[in-house]
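# Fold and contact review
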Amino acid sequence: MRLPSISRIFNLNDSNWGRGNNGSGNEPPRRPNNNNDGGKNNNNGGPPDLDELWRDFNRRLGGLFGRKPGGPRGGGNGGDNGGRFSPSPRGAGIGVGVIGGIVVLLWLGSGFFIVQEGQVAVVTQFGKYKETTRAGFQWRLPYPIQSHEIVNQSQLRTIEVGFRNNSRSKVLQESLMLTDDENIVDMQFVVQYRLKEGGARDYLFNSRNPDDSVKQAAESAMREIVGKKKMDFVLYEGRTEVAGEVTKLMQTIMDIYGTGVLISTVAIQNAQPPEQVQAAFDDAVKAGQDRERQVNEGQAYANEVIPRAAGAASRLLQEAEGYRTRIVENAEGDASRFTQVLTEYQKAPGVTRDRLYLDTMQEVFTNASKVLVDTRSGNNLLYLPLDKIMQQVSKESSAAASARAGGSSSSMNNGTALPLPAPMSSSVPEPTPREALRSRDRNVPR
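## Some thoughts on the packing of helix H9 (residues 278-347) against helix H10 (residues 349-366)
Axis separation between H9 and H10 bottoms out at 6 Å; the angle between their running directions is 135°. It follows that H9 is oblique to H10 by the angle criterion. Of the residues in H10, those in contact with Val341, Glu344, Tyr345, Gln346 and Lys347 of H9 are Pro349, Thr352, Arg353 and Leu356.

## Remarks on H10
The terminal C-alpha atoms of H10 lie 26 Å apart, and with 18 residues this matches the ideal 26 Å at 1.5 Å per residue to within 8%. Of the positions making up H10, those classed as buried are Thr352, Asp359 and Gln362. Buried residues along H10 cover an arc of 90° about the axis, so they all sit on one side.

## Quick word on the pattern of salt bridges
For the coordinates displayed, the defined rule picks out 18 salt bridges. A salt bridge links glutamate 219 to arginine 223; the nearest nitrogen and oxygen atoms lie 3.3 Å apart. Here arginine 223 and glutamate 219 lie together in helix H6 (residues 210-226), a separation of 4 residues that amounts to about one turn. Close ionic contact of aspartate 359 with arginine 355 constitutes a salt bridge, the shortest N to O distance being 3.6 Å. Of this pair, aspartate 359 and arginine 355 both sit in helix H10, 4 residues apart, roughly one helical turn. Judged by its relative accessible area of 36%, arginine 355 is partly exposed. When salt bridges that share partners are traced, they join Arg164, Glu174 and Lys215 into one network.

## A closer look at a nonpolar patch on the surface
Nonpolar side chains collect at one region of the surface, where Val104, Trp107, Leu108, Phe112, Ile114, Phe137, Trp139 and Leu141 lie side by side and expose about 770 Å² of accessible area between them. Where the nonpolar patch is concerned, the elements lending two or more residues are helix H3 (89-109), strand S3 (112-115) and strand S6 (136-139). Relative to the helices and strands, leucine 108 is located in helix H3. Relative accessible area serves as the criterion here: at 33%, leucine 108 is assigned to the partly exposed category.

## Digging into the side chain of threonine 124
Mapped onto the fold, threonine 124 is located in strand S4 (residues 119-125). Residues within four places of threonine 124 in sequence aside, it is in contact with Tyr129, Lys130, Ile145, Gln146, Ser147 and Phe205.

## Structural notes on the nonpolar core
Formed by 37 residues in total, the largest nonpolar core has its most connected members in Met187, Phe189, Met222, Met250 and Ile263. Here methionine 222 is in contact with Met177, Met187, Phe189, Val242, Val246, Val266 and Ile268, once residues within four sequence places are set aside.

## Structural notes on the packing of aromatic side chains
Summed over all chains, the structure comprises 3 aromatic pairs. Taken together, the ring pairs connect Phe112, Phe137 and Trp139 into an aromatic cluster.

## Here we look at the pairing of strand S8 (residues 157-161)
Two faces make up the sheet, and in a regular strand the side chains alternate between them. Side-chain alternation along S8 places Arg157, Ile159 and Val161 on a buried face and Thr158 and Glu160 on a face that remains uncovered. Note that S8 and strand S12 (residues 184-195) share 5 bridges and pair antiparallel. When the bridges of S12 are listed, valine 161 appears paired with phenylalanine 189.

## Regarding helix H8 (residues 239-257)
The first and last C-alpha atoms of H8 sit 27 Å apart over 19 residues, in line with the 27 Å expected at 1.5 Å per residue. Within the span of H8, buried status applies to Val242, Ala243, Val246, Thr247, Leu249, Met250, Gln251, Ile253 and Met254. Lining the buried residues of H8 we find S12, H6, helix H7 (231-235) and strand S13 (261-272). Looking one or two places after H8, you find glycine 258, whose phi comes out positive at around 65°.

## A word on the sheet that holds strand S7 (residues 146-152)
Within the open sheet, the 3 strands sit side by side as S5-S4-S7. Their pairing is antiparallel. The open sheet is flanked by strand S5 (128-133) and S7, the only strands paired with a single partner. The sheet shows a mean angle of 25° between the axes of neighbouring strands, direction not considered. As paired strands, S4 and S5 are joined by 5 bridges and run antiparallel to one another. Across the sheet, threonine 124 pairs through a bridge with tyrosine 129, a residue of S5.

## Comments concerning the packing of H6 against H8
Where H6 meets H8, the closest approach of the two axes is 9 Å, and the angle between their N-to-C directions is 130°. If you check the angle between H6 and H8, you find them oblique. Judged by the sense of rotation from one axis to the other, the crossing of H6 with H8 is right-handed. Seen from H6, the contacting residues are Ser213, Val214, Ala217, Ala218, Ala221, Met222, Glu224 and Ile225; seen from H8, they are Val242, Glu245, Val246, Leu249, Met250, Ile253 and Met254. Its residues assigned to classes, the contact of H6 with H8 comprises 12 nonpolar, 1 polar and 2 charged.

## Here's the deal with the environment of serine 167
Examined against the element boundaries, serine 167 turns out to sit in strand S10 (residues 166-170). Overall, the relative accessible area of 40% leaves serine 167 in the partly exposed class. As for serine 167 and glutamine 269, which are separated by 102 residues in sequence, their C-alpha atoms are 8.0 Å apart.

Quick notes on the rules
- Residues numbered from 1 in each chain as written.
- Predicted model: local features only at pLDDT ≥ 70, side-chain atom pairs only at ≥ 80, totals over all residues.
- Heavy atoms only, no water.
- Axes fitted to C-alpha atoms, helices over the stretch in contact; angles between N-to-C directions.
- Helix = DSSP H or I, 4+ residues; strand = E, 2+ residues; numbered from the N terminus.
- Parallel < 35°, antiparallel > 145°, perpendicular 65-115°, else oblique.
- Contact = heavy atoms within 4.5 Å.
- Expected span 1.5 Å × (residues − 1).
- Buried < 20%, exposed > 50% of the residue type's maximum accessible area, 1.4 Å probe, protein only.
- Arc of directions from axis to C-beta.
- Salt bridge = Lys/Arg side-chain N within 4 Å of Asp/Glu carboxyl O.
- Patch = residues over 30% accessible without salt bridge, like charges linked within 9 Å, V, L, I, M, F, W, Y side chains within 5 Å.
- Areas by Shrake-Rupley, 256 points an atom, 1.4 Å probe, with all protein chains shown as cover.
- Core = buried A, V, L, I, M, F, W, Y, C linked by side-chain atoms within 4.5 Å.
- Phe/Tyr/Trp six-rings, centres within 6.5 Å; stacked < 30°, edge-to-face > 60°.
- Pairing = 2+ DSSP bridges.
- Left-handed = near helix turned anticlockwise from the far one by under 90°.
- Nonpolar A, V, L, I, M, F, W, Y, C, P; charged D, E, K, R; others polar.

So this is what it looks like as structure tokens:
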């Protein structure tokens, strides 16, 4: 027996399908024409009935699986009413093979899967790790031989320790920590991490709950670091340093356990004392700030006064040094001049004695506003323009001092003699010994 073509059996586009064989032995029997209605419902040449189409489809499907129509029962017209089918072994085997092939194809097709960009697929064979596939259209042996699990390797994961969603939703069991100086601080921080390159296998198989492992490692590392620091350091200037140390310690813990996790950042969201002592701590902070302010003000005042005092002390030291140098130099100059005068005196005592007297008088008269005139006879009124004389003497003294520039005192006396008017110069007596001069001074009329 030859099995009819499946396309011919199920070809619903056939215009003669369901209407009879039209002389073809491969077509199903045509629908019997019932003319009992007097030709009113004759379907020859018209569209087929839907019920007849459905029955025809069932007959064809039954023939595909080895059923064939039997003889009529009860004197029928050879139709299927009351008919029975006997199975065909060959047709049944072919039908089962077709169904089995379809099932196998569906089973093999279930092994196809798609891996998105930034993700990897970990393939296991009978529960054991087999390989890691990259992004793209992949295939594996179907279940239960192999299975896969998609892992987002580029995702930046975040966990919160000490709070949930916002800082007001605190979890005190996680946030309260003890410092090195036996104080309690409330630490709330966030940890961000991702998977290492090729760490999807470790992430899935080396820990039962890797995200919970990261959270526990973060809490443990923070407690260890905070326990080694002072309270003020943790709350104020040491936040960045504490976060960096916690990151390093967490990465060390994750590497020891082989979780395949890479710690990105640890950010401290809030660090403060417990709420029960917050008011007292604020007062202590204000007192500390006042102390710092006063210390800064004192330091600013010291920075202003100390340099000024140091400058004044340096100026006094320089002035004292200059005074000492001047006195010593003057003393040395006086001693040198006395030595020189003594030498000249020993050579000519009278001339030297008269010269010393004249120099002394010149020095006295230079600084005096009165002039004594010694005349032997007469009481003539002499007019002396003292203001003009003093101005002239001061000008000449200044010019001589600038010209000599550090000359000896004897040369200074030679250039500053007091000029006297003609009448006075004519009345001045000749130089006499010192004793005669003293006696003459006593005889000057008052």
